[in-house]
Amino acid sequence: MKKFTGKVAVVTGSAKGIGKAIAEKFAILGAKTVILDFDEVAGTKTAQEITKRYEESIFIQVDVSNSDELMSARKKVLASFGGIDFLIVNAGISYRHELNEISVEEWKQVIDINLNGSFYTVKAFYEEFTRNQGKIIFITSGSAITGTGGGAHYASSKAGQHGLMRTISKELGPKGVNVNAVAPRVIQTDILDQLYPTTESQRELVKKIPIGRIGQAEDIANITVFLAGPESSYIHGQIILADGGRTY
Ligand SMILES: NC(=O)c1ccc[n+]([C@@H]2O[C@H](COP(=O)([O-])OP(=O)(O)OC[C@H]3O[C@@H](n4cnc5c(N)ncnc54)[C@H](O)[C@@H]3O)[C@@H](O)[C@H]2O)c1
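The rules we used
- Residues numbered from 1 in each chain as written.
- Predicted model: local features only at pLDDT ≥ 70, side-chain atom pairs only at ≥ 80, totals over all residues.
- Heavy atoms only, no water.
- UniProt positions renumbered as here; feature names shortened; annotations may be inferred.
- Helix = DSSP H or I, 4+ residues; strand = E, 2+ residues; numbered from the N terminus.
- Rg over C-alpha atoms; globule rule 2.2 N^0.38 Å.
- Buried < 20%, exposed > 50% of the residue type's maximum accessible area, 1.4 Å probe, protein only.
- Contact = heavy atoms within 4.5 Å.
- Areas by Shrake-Rupley, 256 points an atom, 1.4 Å probe, with all protein chains shown as cover.
- Lys, Arg positive; Asp, Glu negative; His and termini not counted.
- Charge placed at Lys NZ, Arg CZ, Asp CG, Glu CD.
- Phe/Tyr/Trp six-rings, centres within 6.5 Å; stacked < 30°, edge-to-face > 60°.
- Near = heavy atom within 4 Å.
- Polar contact = N/O pair within 3.5 Å; in protein donor to acceptor, adjacent residues only side chain to side chain.
- Nonpolar A, V, L, I, M, F, W, Y, C, P; charged D, E, K, R; others polar.
- Pairing = 2+ DSSP bridges.
- Axes fitted to C-alpha atoms, helices over the stretch in contact; angles between N-to-C directions.
- Parallel < 35°, antiparallel > 145°, perpendicular 65-115°, else oblique.
- Left-handed = near helix turned anticlockwise from the far one by under 90°.

For the protein, the name recorded in an unreviewed UniProt entry is Short-chain dehydrogenase, with Enterococcus rivorum as its organism. Quoted straight from UniProt, the Sequence similarities (unreviewed entry) entry for the protein says "Belongs to the short-chain dehydrogenases/reductases (SDR) family."

Written as structure tokens, this is what we have:
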């Protein structure tokens, strides 16, 4: 029997990038997975690939900034798998814009998806968590700590996620729910390619990272499954900075 056999992991923003790597890692360890994403084409493909290679995976199209869609996704998850054990709050967007370039609409969009979406996601699955004594893991960002990497809206939304995570950890810890955050800095995904579009800009970036490489989505997936496992149950309410030693 594998480590997570019989368990169910819901991962938002898992059609691609870090979320996809996380869903794959849970499936490799035996969990059934739910791919929640607004990208129908990539999400369907990811769920099919995971089902074919590892364990059953379903795709549900959801925009995490829409709480009604998350509530109906919850019903579909329960109908398919009966409950959930792990909730990975990962969906996010970023723009590397300076303050005077950020329109009010763009500010609202980033806060809506990254922060409000995190709250809606946890709220939608709240009852399942308290029943199953599950684990909630937020994928946030080192930018909440350093103020770099995205724009003011991005760092603010990620700092907001840290506040949400900390509050939930106080509230749900006594109910047996383990809550933590993983804060990556630079991970090789579409978001990174968008923020650092040239080979030269990525080469400059590597010079700032003591371990000498840009992180991979699998690095974050490895930390996430560790935080989901029983070995890490005394780590609670923490922000695990995953940055190759760059920040401190
Ligand atoms: N890549 C990095 O360097 C990096 C660094 C720090 C933090 N992060 C965080 O990691 C998380 C994943 O980022 P990534 O690099 O894999 O990004 P990505 O762009 O590769 O993937 C993001 C996924 O989220 C989905 N998504 C976006 N908005 C959504 C919405 N409203 N509803 C549902 N799904 C939505 C996208 O369709 C996509 O599948 C994000 O929260 C991001 O802020 C990434």
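Draft legend 1. Fine view of the overall build of the protein. Per the secondary structure count, the protein includes ten helices and seven strands. For the protein, whose C-alpha radius of gyration is 17 Å, the value lies close to the compact-globule estimate of 18 Å for 248 residues. For the protein, the spread of C-alpha atoms along the principal axes amounts to about 45 × 40 × 35 Å. Taken over 248 residues, the protein has a buried fraction of 49%. Residue pairs at least 24 apart in sequence account for 73% of intrachain contacts in the protein once pairs closer than 6 positions are excluded. Split by element, the accessible area of the protein, about 11400 Å² in all, is 52% carbon and sulfur. The centroid of the 28 positive side-chain charges in the protein is displaced by 6 Å from the centroid of its 27 negative side-chain charges.

Draft legend 2. Summary view of the packing of aromatic side chains. On inspection of all chains with the given rule, the structure shows four aromatic pairs. With centroids separated by 5.4 Å and ring planes inclined at 35°, the aromatic side chains of Phe4 and Phe26 adopt a geometry described as tilted. Linking Phe4 in the segment before strand E1 (8-12) with Phe26 in helix H1 (residues 17-28), this pair joins segments that are 22 residues apart in sequence. For the pair formed by Phe4 and Phe26, the shared burial category is buried. Of the aromatic side chains, those joined through ring pairs into one cluster are Phe4, Phe26 and Phe86.

Draft legend 3. Main features of the site of the ligand. Near the ligand there are 28 residues, and of these Asp37, Asn90, Tyr154, Arg185 and Thr189 occur at the shortest range. Here a nitrogen atom of the ligand sits 2.9 Å away from a polar atom, N or O, in the side chain of Asp63. Asn90 is positioned such that a nitrogen or oxygen atom in its backbone is 2.7 Å from an oxygen atom of the ligand. The fraction of the free accessible surface of the ligand (830 Å²) that becomes covered by protein chains is 96%. Residues belonging to the shell around the ligand are distributed by class as follows: 14 nonpolar, seven polar and seven charged.

Draft legend 4. The arrangement of unusual backbone geometry in detail. At Gln133, a residue that is not glycine, the phi angle is positive and equals roughly 50°. Following the sequence through the fold, Gln133 ends up in the loop between helix H5 (126-132) and strand E5 (135-139).

Draft legend 5. Molecular detail of the pairing of E5. Here E5 lies mainly inside the structure; five of its five residues are buried. Burial of the side chains of E5 extends over both faces: Lys135, Ile137 and Ile139 are buried on one face and Ile136 and Phe138 on the other. Sheet topology places strand E4 (residues 86-89) next to E5; four bridges connect them, and they run parallel. Each bridged residue has a counterpart across the sheet, and for Leu87 the counterpart in E5 is Ile136.

Draft legend 6. Quick peek at the environment of Lys75. Position of Lys75 relative to the elements: it lies in helix H3 (residues 67-81). In the structure, Lys75 is positioned 92 residues away from Thr167 in sequence and 26 Å away in space, judged by C-alpha atoms.

Draft legend 7. Expanded view of the packing of H3 against helix H4 (residues 104-124). Remark: H3 packs on H4, axes separated minimally by 9 Å, with the N-to-C direction vectors making an angle of 30°. By the angle between their directions, the pair H3 and H4 is classed as roughly parallel. Considering how the two elements wind past one another, H3 and H4 form a crossing that is right-handed. Taking contact as the criterion, the partners of Ser67, Leu70, Met71 and Arg74 in H3 are, on H4, Gly117, Tyr120, Thr121 and Ala124. Its residues assigned to classes, the contact of H3 with H4 comprises four nonpolar, three polar and one charged.

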